[in-house]
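Each chain, written out:
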Amino acid sequence: MPSQDYSQAAKLSERLEQRLVDSLESDFKTTRRAVLGGLGLAGSAALTGIGRADSDEHHGPGEDSHGNFGATGEYSDTDFDPHEFLYQFNTGRGEQENVPQDVYEENGRTIREFTFQAVDTTVSIAPGIEFPAWAYNGQVPGPTIRAVEGDLIRVKFENLGRHAHTIHPHLRNLNPEMDGIPQNGPGVLNTGESFTYEWIAQPAGVHFYHCHSLPLKEHIHRGLYGAIIIDPDPERVAQRPEEYCDFHRSQITDELRAELVAEAKTRNHEYAENDAVNEMVMVMNGFDTNFDGGNEVYAANTRAFAYGVGETDGRGNWKAGETKRPIQIDKNQRQRVYLINAIEFDLINSFHTHSQFFDYYDHGTTLLPTNQTVDTVMQCQAQRGIIELDYSNHDPGLYMFHAHQSEFAELGWMSFFEVV
Ligand SMILES: [Cu+2]
């Protein structure tokens, strides 16, 4: 029987969430007054543009549609489930219904093909609070793409949004036309235009993709970003082990080589060794709900407190918490988090675990940890890495993890693992 008082945790989550919803309501009022009073938004042309784009999207009885703040409680829209998103890897085998995909061979190379569409939509970021997003395939973060080192990732991209967009991959991409920036190749894609991006999956690691249209910070912050995971190829690791660790080739022993290859197998979704690891994707993000150039809501995977505590009997049975609940993990399983910082407006973000220390692989490009036994890592904008956790010695119960920017934690980026 867990020793923690679960109802206490549930009450605290509820209180924080109510405070967040209340503060958002007053934020909107402040903005509305400022705009009506002709004060503008600090004279920034870019920000004024954002303000206009936003007000375009609210028709009918004016901004009062903003006032639809729900009580604390569940999320009502079911388009996106942050709990499902944790485990949704698209490898070309049709893992996600709203992401057309295929995997096939071409000239001896594995092709993983995906169809992405940019759309304007709204996403739920707190109960009753919608954010006017621009999104790949209607979801924020965009779909997670997963390939093996050396594969070709083919993304058929169509822009159905009202603004011009691209897809820029953080990969070692040898063809400038495929970089997804306004200056190269097809440039930005206007409404109705399409282009097929092709990227070699390299290097192994956890990477980032995002729209690179201008103004950049708006196109990213609105939701056009996601994760690309490149699994290391164990055969390549055996041949070039020095590329996957901090040792020089002359220092690689047979033992180390074997260790690196074994580790690569746990990272490669095509190997049985990978099945033994519980893998999750967490994209740290934030939302500037009043378009003043600062975030009001923070989250891992878009929804504030989505991995917080609702009502539970303390044995993994939930009375409420269909859309908000801790991430349940098996204490005997190795836990791996692919972590990406997609935040705008704040320079850094972080990941901190309570009662736990973890290994960290910066950018996920090495097979030996770059930080060992730490309980906090920070990531700059677009930085990412792999976190590996072992709870096998811990008692069952709730273990918190959150951004250690205290403000981010209180404004949504606070979560729990429920170790069972
Ligand atoms: Cu864009």
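In short, a report on the structure.

About the criteria used
- Residues numbered from 1 in each chain as written.
- Predicted model: local features only at pLDDT ≥ 70, side-chain atom pairs only at ≥ 80, totals over all residues.
- Heavy atoms only, no water.
- Helix = DSSP H or I, 4+ residues; strand = E, 2+ residues; numbered from the N terminus.
- Buried < 20%, exposed > 50% of the residue type's maximum accessible area, 1.4 Å probe, protein only.
- Contact = heavy atoms within 4.5 Å.
- Areas by Shrake-Rupley, 256 points an atom, 1.4 Å probe, with all protein chains shown as cover.
- Salt bridge = Lys/Arg side-chain N within 4 Å of Asp/Glu carboxyl O.
- Pairing = 2+ DSSP bridges.
- Axes fitted to C-alpha atoms, helices over the stretch in contact; angles between N-to-C directions.

### Let's talk about the overall build of the chain
(1) Moving on: The secondary structure content of the chain amounts to 8 helices and 20 strands.
(2) Moving on: Here the chain holds 420 residues, and the buried ones make up 54% of them.
(3) Moving on: Within the chain, contacts between residues separated by at least 24 positions form 70% of all contacts whose residues are at least 6 apart in sequence.
(4) Moving on: Only carbon and sulfur atoms are counted for the fraction: they give 48% of the accessible area of the chain, which is about 17,600 Å².

### Some thoughts on the pattern of salt bridges
(1) Moving on: For the structure shown, the criterion picks out 22 salt bridges.
(2) Moving on: Among the salt bridges present, the one from Asp231 reaches Arg146, with a minimum N-O distance of 2.9 Å. With Asp231 in strand S9 (residues 225–231) and Arg146 in strand S4 (residues 145–148), the pair connects residues that are 85 residues apart, well separated along the chain. Note on accessibility: Asp231 and Arg146 belong to one class, buried.
(3) Moving on: One salt bridge in this structure joins Glu149 and Arg236, with 3.5 Å as the shortest N-O distance. In this pair, Glu149 sits in the loop between S4 and strand S5 (152–159) while Arg236 sits in helix H5 (residues 234–239), placing the two residues 87 residues apart along the sequence.
(4) Moving on: For Glu149, a relative accessible area of 11% puts it in the buried group.

### Considerations on unusual backbone geometry
(1) Moving on: The omega torsion of the bond from Val140 to Pro141 falls at -5°, within 30 degrees of zero and hence cis.
(2) Moving on: Turning to its location among the elements, Pro141 is positioned in the loop between strand S3 (129–136) and S4.
(3) Moving on: Residue Gln202 is joined to Pro203 through a cis peptide bond whose omega torsion reads -5°.
(4) Moving on: Tracing the backbone through its elements, the reader meets Pro203 in the loop between strand S7 (194–200) and strand S8 (205–210).
(5) Moving on: The backbone of Asn301 shows a phi angle near 65°, a positive value even though the residue is not glycine.
(6) Moving on: Looking at the element boundaries, Asn301 is found in the loop between strand S11 (297–300) and strand S12 (327–329).
(7) Moving on: The class of Asn301 is buried, set by a relative accessible area of 0%.
(8) Moving on: For His363, which is not glycine, the phi torsion reads 65° and is therefore positive.
(9) Moving on: Relative to the helices and strands, His363 resides in the loop between strand S15 (358–362) and strand S16 (371–374).

### Side note on the sheet that holds strand S14 (residues 348–353)
Pairing between the strands of a sheet comes from backbone hydrogen bonds, and it takes one of two forms, parallel or antiparallel.
(1) Moving on: Pairing in this open sheet of 5 strands is mixed, and the strands run S12-S20-S19-S14-S17 from one edge to the other. Each edge of the sheet is formed by a strand with only one pairing partner; in this case those strands are S12 and strand S17 (376–380). The mean angle between the axes of side-by-side strands here comes to 25°, regardless of whether they run parallel or antiparallel.
(2) Moving on: Both strand S19 (residues 397–402) and strand S20 (residues 414–419) contribute to a ladder of 6 bridges, which runs antiparallel. Residue pairing in the sheet places Phe401 in a bridge with Ser415 of S20.

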